Amino acid sequence: MSVGLVIVSHSAKLAEGLRELAAQMARDVTIETAGGTDDGGIGTSLEKISAAIAAADTGDGALLLADLGSAVMTAETAVEFLEDEQRARVRLADAPLVEGTVAAAVAAQTGRTLQAVLQEAESAGRIPGPAGTPDTGTQESGAQPGTEPTAAARTGTGERPGAEPAAGAGEPGDAGDDDFDPDDAGVHTGSWELINPAGLHARPAAAVAQAMSDLDAEVRINGVDAKSMMMLMTLGLGQGQTLTVTARGPDAARAVEMMALEVRNGFGEI
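Report on the accompanying structure. Here the residue index of a chain counts from 1 through its sequence in written order. The predicted nature of this model means local features are confined to residues of pLDDT at least 70 and side-chain atom pairs, given and counted, to a pLDDT of 80 or more, with totals for whole chains, interfaces and linings taken over all residues. The side-chain values count all of the structure's non-hydrogen atoms but skip hydrogen atoms and water molecules.

The subject of this paragraph is the nonpolar core. The biggest cluster of nonpolar side chains holds 32 residues, and the ones touching the most others in it are Leu200, Ile221, Leu232, Leu243 and Met259. Those elements giving two or more residues to this core turn out to be helix H5 (97–109), helix H8 (202–213), strand S6 (218–221), helix H9 (229–234), strand S8 (242–248) and helix H10 (252–264). Starting at the N terminus, helices and strands are each numbered in turn, a helix being any DSSP run of H or I of at least four residues and a strand any DSSP run of E of at least two. With 6 residues, the top contributor of residues to this core is H10. Any two residues whose heavy atoms approach within 4.5 Å at even a single point are treated as in contact. Excluding residues within four positions of it along the chain, Leu243 makes contact with Gly190, Ser191, Trp192, Leu194, Leu200, Ile221, Asn222, Leu237, Met259 and Val263. The criterion is simple. A nonpolar core is a set of buried Ala, Val, Leu, Ile, Met, Phe, Trp, Tyr and Cys residues joined through side-chain atoms within 4.5 Å. Buried, partly exposed and exposed residues are distinguished by accessible area as a fraction of the type maximum, computed with a 1.4 Å probe on protein chains only: under 20%, between the cut-offs, and over 50%, respectively. In terms of nonpolar packing, the next biggest core, distinct from the first, is built from 22 residues, Leu5, Ile7, Ala15 and Leu18 among them.

Shown next as structure tokens:
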């Protein structure tokens, strides 16, 4: 089992399209949609959301992601109507719909807990763009339904109390951001030139994040957390650019070997 996802949107087509996208990177995750009204129009449906939650929560919980304000309110209402036992396993993420859903799907695919999947989705709204692009910093992290008033969290100016900064946040693309001691015998590194035409785009980034998450090691790629798909995508690494991996821990050597194989094989795309 894994944490399930519910995509809440005013548009059924938008929700289905996003599910198709996320499923490409998380084939084992249950992703349900609650798009549009009961009669097929634009809007939201409490009944659809409730049914989607029931289908998505297979025991490890469910994470809801919504597009616009009224969808958020309807989703909050659906969560409030749940029995106490199930409500404890359901969260509503304060995250950008597309980026948050994809990040959550990849995290759920690796078997992470509900809280970890929630944090990965919400961190997608705080991840800086590629180096040299302005960081607007407008996405805020909200409260979990059933725990504290969400309206206050959504209108506040700070991050969710107690939230940790996104792993590897900073200036992406600078391998010097690693805090690993290069003289440490337990640190393994490797660098290779990307040969596949599309570089480290969404599909290989998701595959790398999933593979690295299975290892008992801290792994960085060009200075960012290799276990976070969204952080990897901020690097914007294209064909001909250098990917540098640095790893520390029991599986560090294996992490470097796996990345060497992936890069040399062009992530299976050539």
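Next comes the rest of the write-up.
Right, let's get into H10. One less than the residue count of a helix, multiplied by 1.5 Å, gives the span that helix is expected to have. With 13 residues, H10 should reach 18 Å at 1.5 Å per residue; the first-to-last C-alpha distance of 19 Å fits that figure. For H10, every residue scored as buried is listed here: Ala252, Ala255, Val256, Met259, Ala260 and Val263. Buried residues of H10, viewed axially, fall in a sector of 135°; they line one side. The exposed set on the far side of H10, more than 90 degrees from its buried face, consists of Glu257, Leu261 and Arg264. Those residues of H10 that are buried are in contact with strand S5 (187–193), H8, S6 and S8. Working definition: the arc comes from the directions between the helix axis and the C-beta atoms, pointing outward to the latter.

Moving on: the pairing of strand S1 (residues 4–9). Within S1, 6 of the 6 residues are buried, leaving the element largely enclosed by the surrounding structure. With burial as the criterion, each face of S1 is covered, one bearing Gly4, Val6 and Val8 and the other bearing Leu5, Ile7 and Ser9. Direction of pairing for S1 relative to strand S3 (residues 62–66): parallel, over a ladder of 5 bridges. Looking at the pairing, Val8 lines up with Ala66 of S3. In short, DSSP must find at least two bridges between two strands for them to pair. Across 5 bridges, the pairing between S1 and strand S2 (residues 31–35) is parallel. Pairing of Ile7 across the sheet is with Thr33, part of S2. Seen with the strands pointing away from the viewer, any crossover whose path from the first strand over the helix to the second strand runs clockwise is right-handed. Once the chain exits S1 it traverses helix H1 (residues 12–23) before rejoining the sheet at S2, and the crossover so formed is right-handed.

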